[in-house]
Amino acid sequence: RLKNINIKGPIVPSDEKWIYDIFDIEATCAKDVTDVLKNANGEDIQLTINSPGGDVFSASEIYTELMDYGGEFVGEEVFNLTRGDVPYFVGYVGQH
């Protein structure tokens, strides 16, 4: 079964994600991505990105986790990125 990583809403630090969760605001932190990758066990992953951007350090951490993953990414969809995030995610998608 295909695992899904949905990077949606602003990119936020993992230790601040709880604030977004309390108010039911969609956001993504590095821990969200890491948790999916740890449970994927090398399986293929569907990657969807629809984010206005956010914390550059958290985005860099997400990028590193994705690049280090041993499995394949299928059906990548990139909908919305800010200028600051484009080099990270477009570079990533172009390599997989």
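Residues numbered from 1 in each chain as written. Predicted model: local features only at pLDDT ≥ 70, side-chain atom pairs only at ≥ 80, totals over all residues. Heavy atoms only, no water.

Undergrad: I tried to follow the packing of helix H2 (residues 30-40) against helix H3 (residues 56-68) on my own but got confused; where do I start?
TA: For any two helices packed against each other, the geometry comes down to the angle between their axes and how far apart the axes lie. Contact pair H2 / H3: the axes reach a minimum separation of 9 Å and the direction vectors enclose 10 degrees. Classified by the interaxial angle, the pair formed by H2 and H3 is roughly parallel. In this structure, H2 meets H3 at a crossing whose hand is left-handed. Along the contact surface, H2 presents Ala30, Val33, Thr34 and Leu37, while H3 presents Ser58, Glu61, Ile62, Glu65 and Leu66. (Axes fitted to C-alpha atoms, helices over the stretch in contact; angles between N-to-C directions. Helix = DSSP H or I, 4+ residues; strand = E, 2+ residues; numbered from the N terminus. Parallel < 35°, antiparallel > 145°, perpendicular 65-115°, else oblique. Left-handed = near helix turned anticlockwise from the far one by under 90°. Contact = heavy atoms within 4.5 Å.)

Undergrad: Looking at this model, I keep getting lost on the pattern of salt bridges. Mind explaining?
TA: Should the charged atoms of two oppositely charged side chains come close, the side chains can pair. Under the counting rule described, the total for this entry stands at three salt bridges. Among the salt bridges present, the one from aspartate 35 reaches lysine 31, with a minimum N-O distance of 2.8 Å. One end of the pair, aspartate 35, and the other, lysine 31, are both in helix H2, four residues apart, so they sit about a helical turn from each other. On the basis of relative accessible area, aspartate 35 is assigned to the partly exposed category, the value being 32%. In this structure, a network of salt bridges that share partners links the residues Lys17, Asp21 and Asp32. (Salt bridge = Lys/Arg side-chain N within 4 Å of Asp/Glu carboxyl O. Buried < 20%, exposed > 50% of the residue type's maximum accessible area, 1.4 Å probe, protein only.)

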